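Structure at a glance
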Amino acid sequence: ARGRANLVVFDEDVGLETLAIGPRGAAARALLRSGDPACHGVSLCPTLDTLTALNTGYQPALSYLRTRFPRLSTELGQAFVAATDETVRVFMTTMARAARRYGIYVIASSTLAPFRVDAGRAAIDAFADPGAPRPRSVYVPTAGVAYNQTFVWGPRVLHAHAPVPLANLLTVNRKVPLTSFEQELGFAPGPSSGPAARANLEPVTI
């Protein structure tokens, strides 16, 4: 449309598939493609199988994280935290660049941990995709929990010195309340009271 803002909204958790990218997600992709005969008729078995395969694929990242966040090893959804670099690098960066390239606003969501940029060798060894060229830095979780988050990117750079996925980010909403299955996975809810909850629900102008 000309003369007014263009907004593209994706389905909830469109970034979920990012976890199964590359060599670390190969076993999970195989399960999703062909299934596990042992799971026939067993509720949640395919999901648990896939999560186990992802945990195995992201073992270097999980080993790095478990020393910093011991409770993470008890969570079913620990792969969502371990895959932070992949999710930010592929999902968030793709959406941010699309918004700028096409001059549009983009709303899309995925489940991941809060993060920071880390150029340390140990962090790169733990989080870098083994199927891609070695990066100079990686996106490392700053907490041992993941949030179901919706991001809004705009067409212009707002934060000149921020990394690409954050440079044109307008706002983030953390889901609340969570579904019972999200709670089983160990996801953290967004704030539900006080100033933080109000800030989480602030409208954004496009």
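This report concerns the structure included in the present document. Given the structure is predicted, the values throughout are model-derived calculations rather than measurements.

Pairing in this open sheet of four strands is mixed, and the strands run β1-β2-β5-β6 from one edge to the other. Strand pairing shows two members of the sheet lacking a second neighbour, β1 (7–9) and β6 (169–174), which therefore form its edges. The mean angle between the axes of side-by-side strands here comes to 25°, regardless of whether they run parallel or antiparallel. Packed onto the sheet, helix α5 (residues 84–102) meets β2 (105–112) and β5 (147–153) and runs at close to 170° relative to β2.

Summed over the entire model, instances satisfying the criterion amount to six aromatic pairs. The interplanar angle of 80° and the centroid separation of 5.2 Å between the aromatic rings of Y64 and F127 together place this pair among those described as edge-to-face. In this pair, Y64 sits in helix α3 (residues 59–66) while F127 sits in helix α6 (residues 121–127), placing the two residues 63 residues apart along the sequence. Each member of the pair, Y64 as well as F127, is classed as buried. When the centroid spacing of 5.4 Å and the interplanar angle of 25° are considered together, the rings of F151 and W153 count as stacked. An aromatic cluster of three or more residues is present, and its members are F91, F151 and W153. Residue placement shows R68 over the ring face of Y64; its charged tip is 3.6 Å from the ring centre. The positively charged end of R174 is found above the aromatic ring belonging to Y147, 3.9 Å away from the centroid.

If you look at the biggest cluster of nonpolar residues, it comprises 28 residues, and the most contacted ones within it are Y64, L65, F127 and V138. Leaving out residues up to four positions away in the same chain, F127 has contacts with R24, A61, Y64, L65, A82, D85, V138, Y139, V140 and P141. Residues V88, M95, A96 and W153 belong to the second largest nonpolar core, which totals 14 residues.

This brings us to the state of the cysteines. Joining two cysteines, a disulfide is a covalent bond between their sulfur atoms. Counted according to the given criterion, the structure contains one disulfide. Between the sulfur of C39 and that of C45 lies a disulfide, 2.0 Å long from S to S. Between C39 and C45 the sulfur-sulfur dihedral comes to about -55°; the bridge is accordingly left-handed. Exposure remark for C45: the relative accessible area of 16% places this residue in the buried category.

This part is about the pattern of salt bridges. Here the structure, examined in full by the defined rule, presents six salt bridges. When the shortest N-O distance is used, the salt bridge between E12 and K175 registers 3.1 Å. Note that E12 is positioned in the loop between β1 and α1 (26–34) and K175 in the loop between β6 and α8 (180–185), a separation of 163 residues in sequence. A residue is classified by how much of its surface remains accessible, and E12, at 52% relative accessible area, is exposed. For the salt bridge of D118 with R116, the shortest nitrogen-to-oxygen distance reads 3.1 Å. Its relative accessible area of 13% is what places D118 among the buried residues.

In this section: helix α2 (residues 45–57). Over its 13 residues, α2 runs 18 Å from end to end, which matches the ideal 18 Å to within 8%, given 1.5 Å per residue. Buried within α2 we find C45, T50, L51, A53, L54 and N55. Buried residues along α2 sit against α1, α3, α4 (78–82) and α8.

Residues L7, V9, L158, L170, V204 and I206 make up a contiguous nonpolar surface patch of roughly 480 Å² in combined accessible area. If you trace the backbone, L7 turns up in strand β1.

Cut-offs used in this document
- Residues numbered from 1 in each chain as written.
- Predicted model: local features only at pLDDT ≥ 70, side-chain atom pairs only at ≥ 80, totals over all residues.
- Heavy atoms only, no water.
- Pairing = 2+ DSSP bridges.
- Helix = DSSP H or I, 4+ residues; strand = E, 2+ residues; numbered from the N terminus.
- Axes fitted to C-alpha atoms, helices over the stretch in contact; angles between N-to-C directions.
- Contact = heavy atoms within 4.5 Å.
- Phe/Tyr/Trp six-rings, centres within 6.5 Å; stacked < 30°, edge-to-face > 60°.
- Buried < 20%, exposed > 50% of the residue type's maximum accessible area, 1.4 Å probe, protein only.
- Lys NZ or Arg CZ within 6 Å of the ring centre and 35° of its normal.
- Core = buried A, V, L, I, M, F, W, Y, C linked by side-chain atoms within 4.5 Å.
- Disulfide = S-S within 2.5 Å.
- Salt bridge = Lys/Arg side-chain N within 4 Å of Asp/Glu carboxyl O.
- Expected span 1.5 Å × (residues − 1).
- Patch = residues over 30% accessible without salt bridge, like charges linked within 9 Å, V, L, I, M, F, W, Y side chains within 5 Å.
- Areas by Shrake-Rupley, 256 points an atom, 1.4 Å probe, with all protein chains shown as cover.

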